[in-house]
Amino acid sequence: MSETRTAAPQFHGSDLEKVAEYYGIRKEDIIGFAANVNPLGLSEHLKEELAKNLDCLSSYPDRDYCGLRQAIGSYTGADWHNIMVGNGSTELISLTIQFFRPKDAVVLGPSYSEYERELSLSGSEIRFYNLKESDDFRISTEDLKEFLTDDPQAAGAGGQGYRRLLVLCNPNNPTSSAVSAAQMEELLVFCRSQRIFVMSDETYAEFAPDTENITAIPLTEKFDNLIVLRGVSKFFAAPGLRLGYAVTGNEELKAEFTSKKNPWTVNSLAETAGKIMFADTDYINETRRLISTERERICAGLDGIANLKYYPPYANFILVHITDGEKNAQDLFEAAIRRGMMVRNCSSFHNLDGNYFRFCFMRTEDNDRLLDCIRSVFGEKDLSPR
Ligand SMILES: Cc1ncc(COP(=O)(O)O)c(C=O)c1O
């Protein structure tokens, strides 16, 4: 037996180089089911247009990014004066947290780990609002409001006198569960009365079957205790471009971003690319079609596999729970990587363990290969009548 090797390290979705080295496979041969990136890759139209515009690199971008912000305004329906751009949504997450430096922050458990890292750097105390498996990891608005109400004296003032920062991810990574705009409005009314500022990360909102029922962007006109963040890394398959944007109606926050943010953190190529991407309706529609079709097919495929439970996915990825049997998420990770497919073992997420895995929807033939692999590890469901 070759069991002398120590336990495999936990890999993140973007750790392709490390995984390739550890398993002795070429990086190019790995299909990234853990990265949550649109499987269509960069749009051909974008590539052609960018190639024609490479000379933009010889000039500084517009310091105020007016054209880019207007393009994002047309794409999202937001007033472009309320839009700010940054070096990926990561820079905007960081700037928002640095602005509030909240003594007390509430983060979903599980959720994207970067919030925790940035909040720790700002010295915030983090409280996890644990999503319940029995509710399919969906937020219960009443329950969250109660959670936010307790211990009203605990928190000190952050920026602008807000008592707390509530960080939401919608749809949430890794659960793929979503908060509707109606639920969000209810939460915002409550949060405003409690002086809680809400940062909602919508990195995956455009993949949802009904983005318009989920996005909180229109609510930024009504509530100044809200900032919505998005980026092009996942939906437009451009993580290397580092282009993110934020929408808020909060004048002080906008002024702070303008005065504190380093100039030109979005480079000229990203500025040019953004103006092309947000108007690329063929690519946008094709992506939405592919993800919707694959979401349904994958759910149907998982329905036939034993010992698994999944949670209704709103984003372009799905969280799966291994409910029974001898195999865990690491067993699946190993089986898949040996066939050149990388899924995410979710054991490092708060409130999850080694019996959860996540994977994103890739091209049809790749998804079929992954479903075959999952089936080979967990077995077929016995559907015969008893
Ligand atoms: C929820 C969420 N927000 C933000 C990011 C980072 O996005 P960006 O590349 O725009 O900085 C990720 C990356 O995985 C993510 O999952």
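Worth saying up front: this structure is predicted, and the values here are computed from it rather than measured. (Residues numbered from 1 in each chain as written. Predicted model: local features only at pLDDT ≥ 70, side-chain atom pairs only at ≥ 80, totals over all residues. Heavy atoms only, no water.)

Caption draft 1: A look at the nonpolar core. Core analysis: the largest hydrophobic core is formed by 99 residues, its most contacted members being Leu302, Phe357, Phe359 and Ile374. The contacts of Phe359, once residues within four sequence positions are left out, are Phe33, Ile298, Leu302, Phe317, Ile318, Val320, Val343, Leu370 and Ile374. (Core = buried A, V, L, I, M, F, W, Y, C linked by side-chain atoms within 4.5 Å. Buried < 20%, exposed > 50% of the residue type's maximum accessible area, 1.4 Å probe, protein only. Contact = heavy atoms within 4.5 Å.)

Caption draft 2: The arrangement of the environment of Glu133 in detail. Of note, Glu133 is situated in the loop between strand S4 (125-130) and helix H6 (141-149). Residue Glu133 is classed as partly exposed on the basis of its relative accessible area of 26%. Here Glu133 is in contact with Lys309, Tyr311, His321 and Tyr356, once residues within four sequence places are set aside. At a separation of 3.4 Å, a polar atom in the side chain of Glu133 contacts the side chain of Lys309. (Helix = DSSP H or I, 4+ residues; strand = E, 2+ residues; numbered from the N terminus. Polar contact = N/O pair within 3.5 Å; in protein donor to acceptor, adjacent residues only side chain to side chain.)

Caption draft 3: Region of the structure containing the site of the ligand. Around the ligand, the surrounding shell holds 13 residues, and the nearest of these are Thr90, Asp201, Tyr204, Ser233 and Arg242. Thr90 places a polar side-chain atom, nitrogen or oxygen, 2.5 Å from an oxygen atom of the ligand. Contacts to the ligand include Thr203, whose side-chain N or O atom sits 3.2 Å from a nitrogen atom. Judged by the fraction of its atoms near the pocket grid, the ligand is located in the largest pocket. A total of three residues in the shell around the ligand trace back to one element, the largest contributor, which is helix H4 (residues 88-100). (Near = heavy atom within 4 Å. 1 Å grid on protein atoms, 1.4 Å probe; cavity = no way out; pocket = protein on both sides within 12 Å on 5 of 7 lines; lining within 4 Å. Sits in = over half its atoms within 2 Å of the grid points.)

Caption draft 4: Up close: the pairing of strand S2 (residues 83-86). Burial along S2 is two-sided: the face carrying Ile83 and Val85 and the face carrying Met84 and Gly86 are both buried. Two strands pair when backbone bridges link them, and S2 and strand S8 (residues 244-248) are joined in this way by four bridges, in the antiparallel orientation. Note that in S8 the partner of Val85 across the bridge is Tyr245. (Pairing = 2+ DSSP bridges.)

Caption draft 5: Representation of the layout of surface pockets. Of the volumes computed, that of the largest pocket is approximately 1,000 Å³. Gly13, Ser14, Ala35, Val37 and Lys234 are the residues nearest the centre of the largest pocket, which is lined by 42 residues in total. If you list the elements that add at least two residues to the lining of the largest pocket, you get helix H1 (16-23), strand S1 (31-32) and H4. In terms of residue class, the lining of the largest pocket is built from 17 nonpolar, 15 polar and ten charged. A volume near 370 Å³ is recorded for the second largest pocket. In terms of lining, the second largest pocket is formed by 15 residues, of which the most central are Arg63, Asp64, Phe257, Thr258 and Lys261. (Points joined across faces, edges and corners; volume = space filled by probe spheres on them. Nonpolar A, V, L, I, M, F, W, Y, C, P; charged D, E, K, R; others polar.)

Any link to function would need more than the numbers given here.
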